[in-house]
Every structure is written in structure tokens, then in C-alpha cells.
Amino acid sequence: IYLLCLLPAPLVYNWATGYPIAIKAMGRVVPTVFPANAVFPMPTANGLVVFNLIVGATMLIVFILTYQLYMKRHGVTFANLGVGLPVKEVGKALLLALVVFLSGYALLVLADYYFKVDFRYFVFSIKTLTPPKVFMMLKYLPFWIFVFVISSLTLNSFTRIEGKKEWLNIPLMVVASCGGLALFNIIDYGALFSTGIKMWTTVPYPAGTTSALAGVLLWGLLFILPVSAVLARVFFKKTGSIWLGGFINAFIITFFAISNTVIGAGTL
């Protein structure tokens, strides 16, 4: 099960991401699986939407099959897994996640206002949102909630080993969160380092299109996904529920994705 869950991400990443350039105002638009449009005008985020839906749906199917065929027969209940569905429980988790996110965002706004700086390191960049991006974040947010709630569920189910200490569980969660993508990246850039040419120089769609941007964008995922796994575990241990960690990760990572990229010129 663990190895199976590592496969979808690297298999679909380049295809979903493509070469996300959409500058219609200058006549430079590269077709992608989910092209930028007036409703969803951010080509990079659109690729991640496709990625989230495929990976999230795969994880959910694997979880349902595992639960029905194995967990249920061995006495595991949804309560054991922190999947309570009362409106009050989910609502409280969503409200607390919003408070946590807005508190962190307030620090960013203050740093920007008083010191003219934002939180940036290498390709990991978090900046204050422009007014149009606030509404865009709300439109993109459900896709990240979908994948990170499911991720919180599967990580806290499939990487917990009976009788083993927490120090083993956390590294397993980190590897499970990005192990497939990390191996994909190591092979891709290992080839670049040794031969001067990446292993996967193009993306599957459109055929023959460079994978340069897909490779660069992957670095951000390799940073944020392990962090999200640790947060999912911390909040699960504190609350016994998958919801808070899933919601907080969704808020933060949607914000990261939206603030860190551009709106396709001429799409609005």
C-alpha cells in the first residue's frame, strides 16, 4: 500500500504541470491540460489543480479499498482514524484553521508594511496577496482542501506502526508525502548533473514541449509537502482528528501557490 501510494505523483506530475505559460496579451500561450481562463487564470496553479485531483482521488480510492478489505475486518473504525463527520467538529476545525492562517498572514503583512520584506528563500516565496489574488485563492482553495484532508487521513493511517515510537513515524510520513517526487527529481537532475541533459527534457503534453518550468516548480513541492506531513501529524496528535491539520495545510499551501505565481496576462 505504501509503495503504491508513492507512484501516482511522479507519473502524472510533468503531464499535469506542462509548460505553464499563458501570456495572451503578447500572443505567447502554451497549451496545457488545464489552460488558464477567466475563472482560473493562473497557469501554474491550474497544473497543480489537476495534480491534486488525480493524486487525491488515487489516495482516497486506495484508502477506501484498504479500509473495506482489511481495516474494517480488524476492528478499525472511523473514530480510530479521526474521521468524525459531525458538522460541529468539522466547523470548529475549519474556524481554528482560519484563525491560525490569518494570524500567520498578519505577521507577513506587518513585515511587508514596516520593513518592506517578505518571507522568501530560493524558490520558496510567500508574499502578500494583491486584491485580485484574494478572490482567486478562494476559488482555488477547495482543490487543496480536497487533497490535504485526504493526505492527513492516509498519512495518519498508513504510516502508523503498532508498537513503534514516534521518531520512526515522522520520517515515514515525510518520505510518504514526497518520496515518489523526490526520486523523480533525483533521477531527473542527477542526469543533468552527470550528462548536462535532464532525464525528462520534455512533458507529455503538448508533445515535445520543454519540461524546464515543471522541474523548477517541483522544488517548491519538495519543501512544502514534508512540512505539511509533519503538521498533519502534530495536529492529529493534539486533536485526534484529521480535519485541523488538513485545513491548515490547505490554507497555507494554497496561499503559497497563489502568492508565488503570476496571473496569465490577458486571461481576465
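For the structure itself, consult the block above.
Residues numbered from 1 in each chain as written. Predicted model: local features only at pLDDT ≥ 70, side-chain atom pairs only at ≥ 80, totals over all residues. Heavy atoms only, no water.

Peer 1: Can you help me understand the packing of aromatic side chains in this one?
Peer 2: Each pair of aromatic rings is reported with the distance of its centres and the angle of its planes. Throughout the structure, instances matching the rule amount to 15 aromatic pairs. Between the aromatic rings of Tyr 140 and Trp 144, the centroid separation amounts to 6.4 Å while the plane-to-plane angle is 75°, which identifies the pairing as edge-to-face. Note that Tyr 140 and Trp 144 are positioned in helix α5 (residues 131–158) at a spacing of four residues, about one turn of the helix. Looking at Tyr 140, the relative accessible area reads 0%, which means it is buried. Among the residues examined, Trp 144 registers a relative accessible area of 2% and is labelled buried. An aromatic cluster of three or more residues is present, and its members are Phe 34, Phe 40, Tyr 140, Phe 143 and Trp 144. Geometry around Tyr 113 places Lys 116 over its ring, the cationic atom sitting 5.9 Å from the centre. (Phe/Tyr/Trp six-rings, centres within 6.5 Å; stacked < 30°, edge-to-face > 60°. Helix = DSSP H or I, 4+ residues; strand = E, 2+ residues; numbered from the N terminus. Buried < 20%, exposed > 50% of the residue type's maximum accessible area, 1.4 Å probe, protein only. Lys NZ or Arg CZ within 6 Å of the ring centre and 35° of its normal.)

Peer 1: What is the right way to read helix α2 (residues 8–17) from this model?
Peer 2: Since the α-helix advances by 3.6 residues per turn, residues separated by three or four positions end up pointing in the same direction. Taken across its 10 residues, α2 has eight buried, putting it largely inside the fold. Buried within α2 are the following residues: Pro 8, Ala 9, Pro 10, Val 12, Tyr 13, Asn 14, Ala 16 and Thr 17. Buried residues along α2 sit against α1 (2–6), α3 (43–71), α6 (166–195), β5 (202–203) and α7 (212–239). The positive-phi residue at the C-terminal boundary of α2 is Gly 18, with phi of around 65°. (Contact = heavy atoms within 4.5 Å.)

Peer 1: Honestly, the environment of Phe 40 in this entry has me stumped. Any pointers?
Peer 2: Summarising the element assignment, Phe 40 is placed in the loop between β2 (28–29) and α3. Classification of Phe 40 as buried rests on a relative accessible area of 18%. Note: C-alpha distance between Phe 40 and Met 137 (97 residues apart in sequence) is 10.0 Å. In contact with Phe 40, not counting residues within four places along its chain, are Phe 34, Pro 35, Asn 46, Lys 139, Tyr 140 and Phe 143.

Peer 1: Which parts of the structure should I look at to understand unusual backbone geometry?
Peer 2: Residues apart from glycine generally show negative phi values, whereas peptide bonds are mostly found in trans. Residue Pro 206 is bonded to the preceding Tyr 205 through a cis peptide linkage, with omega at -10°. The topology assignment puts Pro 206 in the loop between β5 and β6 (209–210). Of note, the phi angle at Lys 116 is positive, near 60°, even though the residue is not glycine. You can see Lys 116 is positioned in the loop between α4 (87–115) and β3 (119–121).

Peer 1: How should a nonpolar patch on the surface be read in this particular structure?
Peer 2: Together, Leu 107, Leu 110, Tyr 113, Tyr 114, Phe 115, Val 117 and Phe 119 line one region of the surface with nonpolar side chains, adding up to about 810 Å² of accessible area. Among the elements that take part in the nonpolar patch, α4 stands out by supplying five residues, more than any other. Relative to the assigned elements, Leu 110 resides in helix α4. (Patch = residues over 30% accessible without salt bridge, like charges linked within 9 Å, V, L, I, M, F, W, Y side chains within 5 Å. Areas by Shrake-Rupley, 256 points an atom, 1.4 Å probe, with all protein chains shown as cover. Salt bridge = Lys/Arg side-chain N within 4 Å of Asp/Glu carboxyl O.)

Peer 1: Would you take a moment to explain the pattern of salt bridges for this structure?
Peer 2: Side-chain pairs of opposite charge can arise where the charged atoms are in close proximity. Tallied over the full model, the rule gives one salt bridge. Asp 188 is the partner of Lys 198 in a salt bridge, and the nearest nitrogen-oxygen pair spans 3.1 Å. Here Asp 188 lies in helix α6 and Lys 198 lies in the loop between α6 and β5, a separation of 10 residues in the sequence. When its relative accessible area of 3% is taken as the criterion, Asp 188 is described as buried.

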